[in-house]
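Breakdown of the fold
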Amino acid sequence: MTAMPHQSHPEVRILHSLRVRGFVDTHLVADASAMDVPEVEEWLVRLESQGDVRYRDGRMSGWMLTTEGRGRGEMLLATELEAAGCREGVHSAYQEFLSLNHGFLELCTDWQLRPPTHDPTGEKVVNDHSDPDHDAAVIARLVEVNRVVQPISIELAALLHRFDGYGRRFGDALGRVRAGDYDWFTKPMIESYHTVWFELHENFLATLGIPRASEAQAT
């Protein structure tokens, strides 16, 4: 019988969603936490009173972690990982992800910059998507990356439920790119492939307690 994925406590889900998604409004916290908005609102008020989160109002409004909240979240994540008994599985998936990461970042650069049409050896220029062959080749490489990252996403979701959804989000972004909506490759502030990739990377680091600056040494 297959074991059910570990279900995170609401406090873990909310603090962690703010860690990986950054500055977001209540509805996005609820979406990332897989919780109802009223329940999220209650938790945010409680966490704000504890000094773990704060709300910033202005031209862009939303919730964010405090330094104390980040530390609290890291402690809860470490406790959860040990209680769930899946550190080895998450770390194994992380290693698989890292093996793709450098190539994916190069892929994003190749999407944003391309060789001049009449001088393939010349200095790269901003990709204005006027060379369909170049774009098609880069998208084909993204399809191959997606083929490898999908099993990693499934593996993670089977360990910790809060990892659920990455496979779907990667697939949605890829589908939009293949349909000609090129913003969904690397554009920030939307659920582009790069946005989801960066979030998953941060999720790994937070879950395993690896500082981004010392990632190479930690692996």
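Everything quoted here is computed from the prediction, not taken from an experiment.

Here the focus is helix α1 (residues 10-21). Taking 1.5 Å of rise per residue, twelve residues should cover 16 Å, and α1 covers 16 Å from first to last C-alpha, within 8% of that figure. Extensive coverage of α1 is indicated by the burial of ten of its twelve residues. Taken together, the buried positions of α1 are occupied by Pro-10, Glu-11, Val-12, Ile-14, Leu-15, His-16, Ser-17, Leu-18, Arg-19 and Val-20. Of the surrounding secondary structure, the elements contacted by the buried residues of α1 are α2 (26-33), α3 (37-49), β1 (53-56), β2 (62-65), α4 (67-84) and α9 (193-208). In the stretch just after α1, Gly-22 is the one whose phi turns positive, near 80°.

Let us look at the pairing of β1. Two strands pair when backbone bridges link them, and β1 and β2 are joined in this way by four bridges, in the antiparallel orientation. From the neighbouring strand, Val-53 faces β2, where its bridge partner is Leu-65.

Now for empty space enclosed by the protein. All told, the structure shown has one cavity of 30 Å³ or more when counted by the stated rule. Taken as a whole, the largest cavity encloses approximately 60 Å³ of empty space. Around the largest cavity sit Val-12, Leu-15, His-16, Arg-19, Leu-65, Gly-69, Arg-70, Gly-73, Glu-74, Leu-76 and Leu-77, which together line it. Within the residue set of the lining of the largest cavity, elements represented by two or more residues are α1 and α4. A per-element tally of the lining of the largest cavity places α4 first, with six residues. Looking at side-chain class alone, the lining of the largest cavity contains five nonpolar, three polar and three charged residues.

Parameters at a glance
- Residues numbered from 1 in each chain as written.
- Predicted model: local features only at pLDDT ≥ 70, side-chain atom pairs only at ≥ 80, totals over all residues.
- Heavy atoms only, no water.
- Helix = DSSP H or I, 4+ residues; strand = E, 2+ residues; numbered from the N terminus.
- Expected span 1.5 Å × (residues − 1).
- Buried < 20%, exposed > 50% of the residue type's maximum accessible area, 1.4 Å probe, protein only.
- Contact = heavy atoms within 4.5 Å.
- Pairing = 2+ DSSP bridges.
- 1 Å grid on protein atoms, 1.4 Å probe; cavity = no way out; pocket = protein on both sides within 12 Å on 5 of 7 lines; lining within 4 Å.
- Points joined across faces, edges and corners; volume = space filled by probe spheres on them.
- Nonpolar A, V, L, I, M, F, W, Y, C, P; charged D, E, K, R; others polar.

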